[in-house]
Amino acid sequence: MGELEIEKHTQFIMSVEKKKDFDSMVMEHLRMSGAYWGLTTLDLMGKLDAVNREEVVSWVLQCQHDCGGFSGNVGHDPHILYTLSAIQILALLDKLDTIDADKISAYIVGLQQEDGSFAGDEWGEIDTRFSYCAVCCLSILHRLDKIDVGKAISYVASCKNFDGGFGCTPGGESHAGQIFCCVSAFAISGALTHVDRDLLGWWLCERQVKSGGLNGRPEKLADVCYSWWVLSSLTIIERVHWIDKEKLKTFILDCQDKEHGGISDRPDDAVDVFHTFFGIAGLSLLEYPGLKPIDPAYALPVHVVDRLFFGQPH
Amino acid sequence: MSSSDDEEDEQEEVRVPLSQRPEWSDVEPIPQDDGPNPVVSIAYTDEFRETMDYFRAVFAADERSPRALELTAEVIHLNAGNYTVWHFRRLILESLQSDLRDEMKFFELVANKGNHKNYQIWHHRRWVAEKLGTIAATSELQFTQEVLSLDAKNYHAWSHRQELSSHIIFMAQWALQALGGWENELEYCRELLEVDILNNSAWNQRYFVITKSPFLGGLPAMRDSEVSFCTNAIIENPDNESPWRFLRGLYKGDNEAFVNDPAISKVCICVLEKNKNCVFALSLLLDLLCYGFQPTPDLNRILSTWGFSGSESDQKYANLVCLILEKVDPMRARYWIWRRDSLPSHVC
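The model shown is predicted, which means the values in this text are computed figures rather than measured ones.

**Topic: the overall build of chain B**
Consideration 1: Along chain B, the regular secondary structure elements total 19 helices and 0 strands.
Consideration 2: Here chain B holds 348 residues, and 53% of them are scored as buried.
Consideration 3: The contacts in chain B between residues at least 6 apart in sequence include a share of 64% that link residues at least 24 apart.

And the structure:
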């Protein structure tokens, strides 16, 4: 079995921040999420000191709008996805004192619909991903009570399917990414009773295919990002031992580009920072030596979550 | 929008830079401002840079004109993931009170470039369809069908279909019934499953239709025919996860009916007779035993191939099935061990 190439991955992430190519160009609107993936991965590997925190914070703050929401990059419109990524970055860097939590809360509260669901922005797309963003973000800001949590949870619960999984909207096909969002939203709100742990746990462990990797729904290909979404869900419902951890570890390590750094969706494909984050976050949940532990619901290093809720100095 | 159409049609046509187009001569383009010490410095191709510079200008000026609308189309062609451009496009469409049926033509150009997994396009489509109402219903269902013919598991397409079904039924039940909407949807699922019985999305949609349709009678009315459909699919391909789950879903919350339906045990035994290692069949059998299923001579026969003598008490069946599963599905051994440890007292 291979080893995790921490130095190479560090170099890869740092180079992504500086890259001048077409891929960077077309992804510039989601730079906030890209930064969250890159920075969190660096911290898990113990390499966050390589980054200039002041520069990052300054850029993040430039992305905040008058309404309180954050955009994916300068010059873009606010959206709940990038608001969460921004807050996660500031939490990671211990710079939550730079923002007005009430203002951000008001933005998110304004996105809650009558039925408890959340829109992504003023244009009204509804998805359980946004329910997770709302709950996670407000919890980090210690303002979860500002929304109607009961309604938020009952909307998410209405997205439960016959197989125990969850989709993007009621009746939507169960999908590991959506399941992560729903289960995490329940966990953060103290509402895990809505999850049928045994049924869902079995659905999730059936995602493991022969190669040891995990897919996102039946009869689809394994992909490293599911190492996070399936694994974190299993961890939250305390059934992560139902998969073969060693085989999954091997699969993730095989997806590394050992020469240039970075991790791809499956072995021998092109790497990107998205899959690098999810692969390393997955390895952290598998307790791979040398990585800091990560919180499965907040998707932030445990020491950051401890600092948020228990005031531990770092 | 029309000039964009022309440019798409004539593949050899060279793009005229915006700086050389007379209709844009009054606009001062705004370059990307990455700040003095950019976290992200990005180099652009000339075309992309210029298009974005002009977009920034109209965006900053909040210009909601036909030329601005065309410009958003150019940006979208270059980068359909840029959600801010889509927002601005919607603002312009609203301000100009554009005929949104023209927007459908625009989609054809963008979607055909392989952007079928792009969240922004689907959301914009949904926004347009909701504004147009039932007149868009048929074309939207048609469109999702086209996408699904290329990628039968496209999550966005299925989600769009479900939204349409739910929205349409709210808007005009009579219209949908006239169109044969829900029955057609069930038939559509059957067709897709004929093409690929492993398509989990189609199975999910099938469940959605039989439970949500106000015209089919609901799950109890549909159960027998669905069990039959399901068990046939299982026999055809026993290693297909979806119908096994679907079968359990048909009896959700009604374990007694589940145990008492002879079709359920029959399909397990039928599959195990051909392949005693089939994990899904063994797993379903385990569930039946846990809910109180009494072993039949057929089941005895199957289990005897595993070295089970049949002389031991009935209560050891479930335990044995768990042991078999640990052996044939080692990847999930810990799950099967847990099942064995959690067997109800009446079966262990």
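There's more to say after this.
**A short note on the overall build of chain A**
Consideration 1: Across its full length, chain A holds 14 helices and 2 strands.
Consideration 2: For chain A, the spread of C-alpha atoms along the three principal axes comes to 50 × 45 × 40 Å.
Consideration 3: Split into buried and exposed, the 314 residues of chain A put 64% on the buried side.
Consideration 4: When contacts within chain A are restricted to residue pairs at least 6 apart in sequence, long-range pairs at least 24 apart make up 67% of them.
Consideration 5: For chain A, the exposed area adds up to about 10900 Å²; of that, 51% sits on carbon and sulfur atoms.
Consideration 6: Across chain A, the centroid of the 27 positively charged side chains sits 3 Å from that of the 45 negatively charged ones.

**What to know about unusual backbone geometry**
Residue and element names in this part refer to chain A.
Consideration 1: Even without being glycine, Glu-238 reaches a positive phi, approximately 60°.
Consideration 2: Along the polypeptide, Glu-238 turns up in the loop between helix H11 (225-236) and helix H12 (245-254).
Consideration 3: Despite not being glycine, Asp-268 shows a phi value in the positive range, around 75°.
Consideration 4: The exposure class assigned to Asp-268 is exposed, which follows from its relative accessible area of 77%.

**Comments concerning the confidence of the model for chain B**
Residue and element names in this part refer to chain B.
Consideration 1: Chain-level pLDDT for chain B is 84 on average; 84% of the residues reach the 70-or-more range.
Consideration 2: Helix H1 (residues 2-9) is the least confidently modelled element of chain B, averaging 45 in pLDDT, while helix H19 (residues 333-341) averages 96, the highest of any element.
Consideration 3: Confidence drops under a pLDDT of 50 for residues 1-12, and excluding neighbours within four residues, the segment shows 14 contacts in the predicted structure.
Consideration 4: Low pLDDT, under 50, characterises residues 37-41; the stretch is placed with 13 contacts to residues that sit more than four places away or in other chains.

**Considerations on the side chain of Ser-139 of chain A**
Residue and element names in this part refer to chain A.
Consideration 1: Positionally, Ser-139 belongs in helix H7 (residues 128-140).
Consideration 2: Taking the relative accessible area as the measure of exposure, Ser-139 reaches 8% and is therefore buried.
Consideration 3: With sequence-adjacent residues up to four places away left out, Ser-139 is seen in contact with Leu-144, Ile-188, Tyr-298 and Phe-309.

**Some details on the interface of chain B and chain A**
Consideration 1: Counting residues at the interface gives 53 residues for chain B, matched by 63 residues for chain A.
Consideration 2: Summed over both sides, the interface of chain B with chain A buries roughly 5200 Å², with 56% coming from carbon and sulfur.
Consideration 3: Our count for the contact surface shared by chain B and chain A stands at 2 salt bridges.
Consideration 4: When the shortest N-O distance is used, the salt bridge between Glu-241 of chain B and Arg-207 of chain A registers 2.4 Å.
Consideration 5: Our enumeration of links across chain B and chain A arrives at 22 residue pairs in polar contact (both at pLDDT 80 or more).

**Focus: helix H13 (residues 273-285) of chain A**
Residues and elements named next belong to chain A.
Consideration 1: In this model, H13 (13 residues) spans 18 Å end to end at C-alpha, consistent with the 18 Å of a helix rising 1.5 Å per residue.
Consideration 2: Burial runs high along H13: 12 of the 13 residues are buried.
Consideration 3: Residues Val-273, His-275, Thr-276, Phe-277, Phe-278, Gly-279, Ile-280, Ala-281, Gly-282, Leu-283, Ser-284 and Leu-285 constitute the buried set of H13.
Consideration 4: Where the residues of H13 are buried, they touch helix H1 (6-18), helix H3 (31-44), H11, H12, strand S1 (263-264) and strand S2 (271-272).
Consideration 5: Remark: Glu-287 follows H13 within two positions and exhibits a positive phi of approximately 60°.

**Section: the environment of His-303 of chain A**
All names here are of chain A.
Consideration 1: Tracing the sequence through the fold places His-303 in helix H14 (residues 302-310).
Consideration 2: With a relative accessible area of 29%, His-303 lands in the partly exposed category.
Consideration 3: A C-alpha to C-alpha distance of 9.2 Å links His-303 and Leu-92, two positions 211 residues apart in sequence.
Consideration 4: If we ignore the near neighbours within four places in the chain, the residues touching His-303 are Asp-43 and Lys-292.

**What to know about the packing of helix H18 (residues 317-328) of chain B against H19 of chain B**
Residue and element names in this part refer to chain B.
Consideration 1: Two elements in contact, H18 and H19, have axes separated by 8 Å at closest approach and are oriented at 170°. By the angle between their directions, the pair H18 and H19 is classed as roughly antiparallel. The segment H18 lies against H19, with Asn-319, Cys-322, Leu-323, Leu-325 and Glu-326 engaging Ala-333, Trp-336, Ile-337, Arg-339 and Arg-340.
Consideration 2: Here the contact of H18 with H19 is built from residues that sort into 6 nonpolar, 1 polar and 3 charged.

**Structural notes on the pattern of salt bridges**
Consideration 1: Enumeration over the complete set of coordinates arrives at 40 salt bridges over all chains.
Consideration 2: The residue Asp-127 of chain A makes a salt bridge to Arg-129 of chain A at a minimum N-O spacing of 3.0 Å.
Consideration 3: Under the relative-accessibility criterion, Arg-129 of chain A is labelled buried at 14%.
Consideration 4: Glu-273 of chain B serves as the salt-bridge partner of Arg-301 of chain B, at 2.9 Å between the closest nitrogen and oxygen. Residue Arg-301 of chain B is found in helix H17 (residues 297-304), and its partner Glu-273 of chain B is found in helix H15 (residues 262-274); the two are separated by 28 residues along the sequence.

**Concerning the environment of Leu-132 of chain B**
Consideration 1: Tracing the backbone through its elements, the reader meets Leu-132 of chain B in helix H6 (residues 119-132).
Consideration 2: Once residues lying within four places of it in the same chain are set aside, the contact partners of Leu-132 of chain B are Leu-100, Arg-101 and Met-104 of chain B.

**Overview of the side chain of Asp-43 of chain A**
Residues and elements named next belong to chain A.
Consideration 1: Turning to its location among the elements, Asp-43 is positioned in helix H3.
Consideration 2: Residue Asp-43 is classed as buried on the basis of its relative accessible area of 4%.
Consideration 3: Here Asp-43 is in contact with Leu-48, Leu-92, Lys-292, Pro-301, His-303 and Val-304, once residues within four sequence places are set aside.

**Points about the packing of helix H3 (residues 66-78) of chain B against helix H4 (residues 83-96) of chain B**
Packed helices, taken two at a time, are described by the angle their axes make and the gap between the axes.
Residues and elements named next belong to chain B.
Consideration 1: Two numbers describe how H3 lies on H4: the axes approach to 10 Å, and their chain directions differ by 155°. Between H3 and H4, the crossing angle belongs to the class labelled roughly antiparallel. When the axes of H3 and H4 are compared, the crossing they make is left-handed. In this structure, H3 contributes Pro-66, Ala-68, Leu-69, Thr-72, Ala-73, Val-75 and Ile-76 to the contact, and H4 contributes Val-85, Trp-86, Phe-88, Arg-89, Ile-92, Leu-93 and Leu-96.
Consideration 2: Looking at the contact of H3 with H4 residue by residue, the classes come out as 12 nonpolar, 1 polar and 1 charged.

**Digging into the packing of aromatic side chains**
Consideration 1: Counting across every chain of the model gives 35 aromatic pairs over all chains.
Consideration 2: Note on Tyr-251 of chain B and Phe-258 of chain B: the rings are 5.6 Å apart at their centroids and 55° apart in plane angle, and the pair reads as tilted.
Consideration 3: Judged by relative accessible area, Tyr-251 of chain B falls into the buried class, the value being 5%.
Consideration 4: Among the aromatic residues, those joined into a ring-pair cluster are Tyr-36, Trp-37, Tyr-132, Phe-180, Tyr-226, Trp-228, Trp-229, Phe-274, Phe-277 and Phe-278 of chain A.
Consideration 5: It is Arg-207 of chain A that lies over the ring of Trp-203 of chain A; its NZ or CZ is 4.2 Å from the centre.
Consideration 6: Across from the ring centre of Trp-24 of chain B, 4.6 Å away, lies the NZ or CZ of Arg-67 of chain B, which sits over that ring.

Cut-offs applied
- Residues numbered from 1 in each chain as written.
- Chains lettered and ligands numbered in written order.
- Predicted model: local features only at pLDDT ≥ 70, side-chain atom pairs only at ≥ 80, totals over all residues.
- Heavy atoms only, no water.
- Helix = DSSP H or I, 4+ residues; strand = E, 2+ residues; numbered from the N terminus.
- Buried < 20%, exposed > 50% of the residue type's maximum accessible area, 1.4 Å probe, protein only.
- Contact = heavy atoms within 4.5 Å.
- Areas by Shrake-Rupley, 256 points an atom, 1.4 Å probe, with all protein chains shown as cover.
- Lys, Arg positive; Asp, Glu negative; His and termini not counted.
- Charge placed at Lys NZ, Arg CZ, Asp CG, Glu CD.
- pLDDT = per-residue confidence, 0-100.
- Buried area = accessible area lost by both parts, 1.4 Å probe.
- Salt bridge = Lys/Arg side-chain N within 4 Å of Asp/Glu carboxyl O.
- Polar contact = N/O pair within 3.5 Å; in protein donor to acceptor, adjacent residues only side chain to side chain.
- Expected span 1.5 Å × (residues − 1).
- Axes fitted to C-alpha atoms, helices over the stretch in contact; angles between N-to-C directions.
- Parallel < 35°, antiparallel > 145°, perpendicular 65-115°, else oblique.
- Nonpolar A, V, L, I, M, F, W, Y, C, P; charged D, E, K, R; others polar.
- Left-handed = near helix turned anticlockwise from the far one by under 90°.
- Phe/Tyr/Trp six-rings, centres within 6.5 Å; stacked < 30°, edge-to-face > 60°.
- Lys NZ or Arg CZ within 6 Å of the ring centre and 35° of its normal.

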